[in-house]
Amino acid sequence: MEKKFRGNVAAARRLLLTRAGNRCSNPNCGVRLITDDGTPIAEICHIEAISEGGPRYNPGKIINKEDARKRIADLDNLIILCPSCHRLVDSDPIYYDADWLRTAREEHERKVLNQLESKSAPTSNKELSRTVTSFHQSLDIWRENIENGDEEFWQSLFKTNPKLIAQAIPNHIIQIGDKCYLGGKGAENKGGKVVDFLYATNFSKNFVVVEIKTPKTRLIGKEYRTGVFSPTEDLTGSVVQVLSYKTTLLKDFHSVQRDNSFQAFEPTCLVIAGNLEMEADDAGKRASFDLYRSNSNVLIITYDELFYKIESLLELLDEG
C-alpha cells in the first residue's frame, strides 16, 4: 500500500512537470527547470500547506492524517517552481495566497498548451540521464553511510557529484574547485586558508563558499530555557569559519581570480552539516534550529534535507 501511494505521488509530480513545460510556473519567472547541462532545479510547492504552521495552511482541508496524506499527491494543491520562486512565495504567503498560486499555475499551463512549438526543451537527454544516474548512486551512498563521520568521505562524494550541492542553492551553480586556497601568505609562509568548495552562480558568476561537515556533526545543544535550545559549538564554529573564508575572499580576490569570469561582490556562504531528523526529536528543538538558521546570513542545510530533495527530484524525473 505504501509503495503504491508513493507511486501515485511520483506520477502526480511528473505530470505537473509535463504540464509546466519544464518551466517555473511563476508568470514573472518562467526559468527552465532542467538546465542545458542536465541539472534539475525543479521544486514542488504545496499551494496549501499539509501541516499546521506551514504557509497557506487551511485547517478545514486537513481533519486527520489520511486527509494530509491525500493532499500530498493532490494535483490541485501542487505547483512546480524554481527554488528562488519557491522561497519567495513561502516567505510571503499573504501576498502569494492560494488563489494567486492557483491562478498563476492555470495561466502558465494554458500558455504552455498554446505554444505550438516545442522548441523550449532542448535539454540533452544524455546529460539528464547522467544526472539522474548520479543522483540515484549518491542517494544509495547516503542511505548506506548516514552514520559516517569521515569528513573526507563526504568531501569526495561532493567533489565527484558537484550537482548535489547545486540543489542547496536557489540559483543554478557550477563547481570551480575543491580545497581551494584563499588569501595571501605572510613572510613566514602562513596565513592562507583552504575552503572545502568554491562554486559560482551560473548567471551572475558570483562566488559561493561552501563548508562541508558530516551527518554526525551535532546541531542542537543544551536547553537554554524551557523549549529553547542553543546551537552547538560545532555549528556556530562552522558558520564563523565559512564567514572568515568569505572575508578572506573579498580581501584577496586576486588570489582566486585568474580571468574576468567570476565576481566577488557578495558571496553566498553555505554550510552542509548534521542530520536534523535524527536530532530534532521534539518541536522545541526543530523550532530553535530553524530560528537560528533563518536569522543567519549563512545558508545552513542538513544532510537529510539535501538528500530528501534529491529523492523528491528523482520521483519527479524517473520514468513511471
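These lines cover the structure that appears in this document, whether it is placed above or below.

Conventions we followed
- Along each chain, the written sequence defines residue order, and numbers are assigned to residues from 1.
- Local features in this predicted model are restricted to residues of pLDDT 70 or higher, and side-chain atom pairs are both shown and tallied only at a pLDDT of 80 or more, whereas totals for entire chains, interfaces and linings draw on every residue.
- Side-chain measures here rest on the full set of heavy atoms in the structure, leaving out hydrogens and waters.
- Secondary structure follows DSSP: runs of H or I at least 4 residues long count as helices, runs of E at least 2 residues long count as strands, and numbering of each begins at the N terminus.
- Here's how the labels work: a residue is buried when its accessible area is under 20% of the maximum for its type, exposed when over 50%, partly exposed in between, all with a 1.4 Å probe on protein chains only.
- Here a residue-residue contact requires only that any non-hydrogen atoms of the pair lie within 4.5 Å.
- Areas reported here follow the Shrake-Rupley algorithm with a probe of radius 1.4 Å; residue values treat only the protein chains shown as occluding.
- Centres within 6.5 Å make a pair out of two Phe, Tyr or Trp rings, where for Trp the six-membered ring is used; the pair is then stacked when the planes are under 30 degrees apart, edge-to-face when over 60, and tilted otherwise.
- Geometrically, a charge over a ring is one whose NZ (Lys) or CZ (Arg) sits within 6 Å of the ring centre while staying within 35 degrees of the ring normal.
- Among buried residues, those of type Ala, Val, Leu, Ile, Met, Phe, Trp, Tyr and Cys that are joined through side-chain atoms within 4.5 Å constitute a nonpolar core.
- The term salt bridge refers to a side-chain nitrogen of Lys or Arg lying within 4 Å of a carboxyl oxygen of Asp or Glu.
- Here a polar contact is recorded for every N or O atom pair within 3.5 Å, except that within protein the pair must consist of a potential hydrogen donor and a potential acceptor, and residues adjacent in sequence are included only if both atoms are side-chain atoms.
- Pairs of strands are assigned from DSSP output, requiring at least two bridges between the strands.
- Helix span is expected to be 1.5 Å times the residue number reduced by one.

### A few points about the overall build of the chain
(1) Moving on: For the chain, the count of helices and strands is 11 helices and 9 strands.
(2) Moving on: Among the 320 residues that make up the chain, the fraction classed as buried is 46%.
(3) Moving on: Put simply, of all contacts in the chain between residues at least 6 apart along the chain, 72% involve residues at least 24 apart.
(4) Moving on: Carbon and sulfur atoms provide 51% of the accessible area of the chain, an area that totals close to 16,700 Å².

### Concerning unusual backbone geometry
(1) Moving on: Positive phi, close to 65°, is recorded for asparagine 22, a residue that is not glycine.
(2) Moving on: We classify asparagine 22 as buried; its relative accessible area is 9%.
(3) Moving on: Despite not being glycine, arginine 56 has its phi angle at roughly 65°, a positive value.
(4) Moving on: Mapped onto the elements, arginine 56 comes out in the loop between strand E1 (43-46) and helix H2 (65-72).

### What about the packing of aromatic side chains?
(1) Moving on: On inspection of all chains with the given rule, the structure shows 9 aromatic pairs.
(2) Moving on: Ring geometry for tryptophan 142 and tyrosine 303: centres 6.2 Å apart, planes at 15°, overall stacked. Here the residue tryptophan 142 occupies a position in helix H5 (residues 125-144), and tyrosine 303 occupies one in helix H11 (residues 303-317), the gap between them amounting to 161 residues. Side by side, tryptophan 142 and tyrosine 303 carry an identical accessibility label, which is buried.
(3) Moving on: A network of ring pairs unites the aromatic residues Trp142, Phe153, Trp154, Phe158, Tyr303 and Phe307 as a single cluster.
(4) Moving on: Positioned over the ring face of tyrosine 224 is arginine 225, at 4.6 Å from the centre of the ring.

### Looking at the nonpolar core
(1) Moving on: Core analysis: the biggest nonpolar cluster contains 47 residues, and Ile80, Phe158, Ile272 and Phe307 have the highest contact counts within it.
(2) Moving on: The element that contributes the greatest number of residues to this core is H11, accounting for 8 residues.
(3) Moving on: The next biggest cluster of nonpolar side chains, apart from the first, holds 18 residues, and it includes Val209, Ala273, Val298 and Ile300.

### Focus: the pattern of salt bridges
(1) Moving on: Tallied over the entire structure, the rule returns 13 salt bridges.
(2) Moving on: For the salt bridge of lysine 216 with glutamate 147, the shortest nitrogen-to-oxygen distance reads 2.7 Å. Residue lysine 216 is found in the loop between strand E5 (206-212) and strand E6 (220-225), and its partner glutamate 147 is found in the loop between H5 and helix H6 (151-160); the two are separated by 69 residues along the sequence.
(3) Moving on: A residue is classified by how much of its surface remains accessible, and glutamate 147, at 52% relative accessible area, is exposed.
(4) Moving on: Notably, a salt bridge pairs glutamate 279 with arginine 218, separated by 3.6 Å at the nearest N-O pair.

### Side note on the environment of serine 294
(1) Moving on: Its location among the elements puts serine 294 in helix H10 (residues 283-294).
(2) Moving on: A distance of 2.8 Å separates the side chain of serine 294 from the backbone oxygen of aspartate 290, its partner in a polar contact.
(3) Moving on: Reaching out from serine 294, the side chain makes a polar contact with the backbone oxygen of leucine 291 at a distance of 3.2 Å.

### Section: the pairing of strand E7 (residues 228-231)
(1) Moving on: Bridge count for E6 against E7 is 3 bridges, and the pairing is antiparallel. Among the inter-strand pairings, arginine 225 is bridged to a residue of E7, identified as valine 228.
(2) Moving on: Adjacent in sequence and paired antiparallel, E6 and E7 are bridged by 2 residues, among which glycine 227 carries a positive phi angle near 80°.

### A closer look at H10
(1) Moving on: An ideal rise of 1.5 Å per residue puts 16 Å on 12 residues; H10 measures up with 16 Å between its terminal C-alpha atoms.
(2) Moving on: Where H10 is buried, its residues touch E6, E7, helix H8 (233-251), helix H9 (276-279), strand E9 (299-301) and H11.
(3) Moving on: Backbone nitrogen of glycine 284 and a side-chain oxygen of the N-cap are separated by 2.9 Å at the start of H10; the cap is aspartate 282.

### Notes on the environment of serine 138
(1) Moving on: Following the sequence through the fold, serine 138 ends up in helix H5.
(2) Moving on: In this structure, serine 138 is in contact with Leu157, Asn161, Leu164 and Phe307, ignoring residues within four places of it in sequence.

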